[in-house]
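Coordinates in review
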Amino acid sequence: MKTLNQKLIDFKNSTPISIRLFEELCHPFSFKKNEIINTFSHHNDKFYYVETGIVQGIFINELEEMTAYLTTNGFVTPSFLFSRKVSPIEYIRFLTDTEGWAINLAQAPIHDPHLALILLEIYEENLNAGYEREKLTKIKNANDRYIYFLKNHKHLINSVSNKIIASFLNIHPKHLSEIKKRN
């Protein structure tokens, strides 16, 4: 649990007590390659801290898979974690064997202000990651999107299929192959 523990220590609002409370919510998980968490049929009261592996967030739009995010470590929070009025449309796919920690929010003692602040920092971190993904999608030129991806996610180039990277970059896989040859 060293990696998660170090992440918690690095949070601005962490205290030894809040770290202990947070760690009590954690349970080890492991998912095999291509396992999926389907949030269509149920709401998930858990989020995850990935220590090893590659995770893909997928949204479905008119039967087309769209990659929302790719991550190799850090927190993965399903969309619509608390909302009961909105139907989630997200899958979480584990692209490799993946290990880490599942955090059960249904058991969280939110009354501890430092623990609540840590949870807010986690959500703020994920919100900022969403802004970074939005920046990527706003880049009009596909070649420039690929260069931005290389700059920020070079470690994924040889670990994730062209189809998934193309989906993340919102380009056709054939076009991605041509762009990769030029760069």
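Residues numbered from 1 in each chain as written. Predicted model: local features only at pLDDT ≥ 70, side-chain atom pairs only at ≥ 80, totals over all residues. Heavy atoms only, no water.

1. What to know about the overall build of the chain
Each helix and strand in the chain was counted, giving six helices and eight strands. Order of helices (α) and strands (β) in the chain, N terminus to C terminus: α-α-β-β-β-β-β-β-β-β-α-α-α-α. Intrachain contacts of the chain at a sequence separation of at least 6 include 71% that bridge at least 24 residues. Of the roughly 10,500 Å² that the chain leaves accessible, carbon and sulfur atoms contribute 53%. (Helix = DSSP H or I, 4+ residues; strand = E, 2+ residues; numbered from the N terminus. Contact = heavy atoms within 4.5 Å. Areas by Shrake-Rupley, 256 points an atom, 1.4 Å probe, with all protein chains shown as cover.)

2. Regarding the confidence of the model for the chain
For the chain, mean pLDDT is 85; residues scoring 70 or higher make up 90% of the total. Of all helices and strands in the chain, the one with the weakest mean pLDDT is strand β2 (residues 36-38) (83), whereas helix α5 (residues 162-169) scores best (94). (pLDDT = per-residue confidence, 0-100.)

3. Observations concerning the packing of aromatic side chains
On inspection of all chains with the given rule, the structure shows twelve aromatic pairs. Plain terms: the ring middles of F29 and Y48 are 5.4 Å apart, the flat faces sit at 85° to each other, and that makes the pair edge-to-face. Note that F29 is positioned in strand β1 (residues 26-31) and Y48 in strand β3 (residues 46-52), a separation of 19 residues in sequence. When the ring of F31 is compared with that of Y48, the centres are 6.2 Å apart and the planes differ by 80°; the resulting orientation is edge-to-face. Here the residue F31 occupies a position in strand β1, and Y48 occupies one in strand β3, the gap between them amounting to 17 residues. (Phe/Tyr/Trp six-rings, centres within 6.5 Å; stacked < 30°, edge-to-face > 60°.)

4. A closer look at the pattern of salt bridges
Evaluated as defined, the whole model comprises five salt bridges. Salt-bridge contacts for R93 lead to E65; the nearest nitrogen and oxygen are separated by 2.8 Å. On the criterion of sequence distance, the pair formed by R93 in strand β7 (residues 90-94) and E65 in strand β5 (residues 64-71) is long-range, its members being 28 residues apart. E65 sits in the partly exposed class, given a relative accessible area of 37%. Here K135 makes a salt bridge to E132, at a shortest N to O gap of 2.9 Å. (Salt bridge = Lys/Arg side-chain N within 4 Å of Asp/Glu carboxyl O. Buried < 20%, exposed > 50% of the residue type's maximum accessible area, 1.4 Å probe, protein only.)

5. Remarks on the side chain of N104
Relative to the helices and strands, N104 resides in strand β8 (residues 98-104). Look past the residues within four positions of N104 in its chain and what remains in contact with it is L25, D45 and K46.

6. A closer look at helix α3 (residues 113-138)
With 26 residues, α3 ought to run about 38 Å at 1.5 Å a step, and its terminal C-alpha atoms sit 37 Å apart, in line with that. Burial in α3 covers these residues: L115, I118, L119, E121, I122, N126 and L136. (Expected span 1.5 Å × (residues − 1).)

7. Observations regarding the packing of helix α4 (residues 142-153) against helix α6 (residues 173-182)
Axis angle and axis distance: for two packed helices, these are the angle between their axes and the distance between the axes, and together they describe the pair. Two numbers describe how α4 lies on α6: the axes approach to 10 Å, and their chain directions differ by 65°. By the criterion of interaxial angle, the relationship of α4 to α6 is roughly perpendicular. At the point where α4 passes α6, the crossing takes the right-handed sense. Taken together, the residues of α6 that come into contact with α4 (itself represented by A142, N143 and Y146) are H175, L176, I179, K180 and R182. (Axes fitted to C-alpha atoms, helices over the stretch in contact; angles between N-to-C directions. Parallel < 35°, antiparallel > 145°, perpendicular 65-115°, else oblique. Left-handed = near helix turned anticlockwise from the far one by under 90°.)

8. Observations regarding the pairing of strand β4 (residues 55-61)
Bridge analysis of β4 against β5 gives seven bridges, and the strand direction is antiparallel. Across the sheet, the residue bridging to G57 is Y69, located in β5. Relative to β7, β4 is paired through five bridges, and the arrangement is antiparallel. Bridging across to β7, I58 finds its partner in Y91. (Pairing = 2+ DSSP bridges.)

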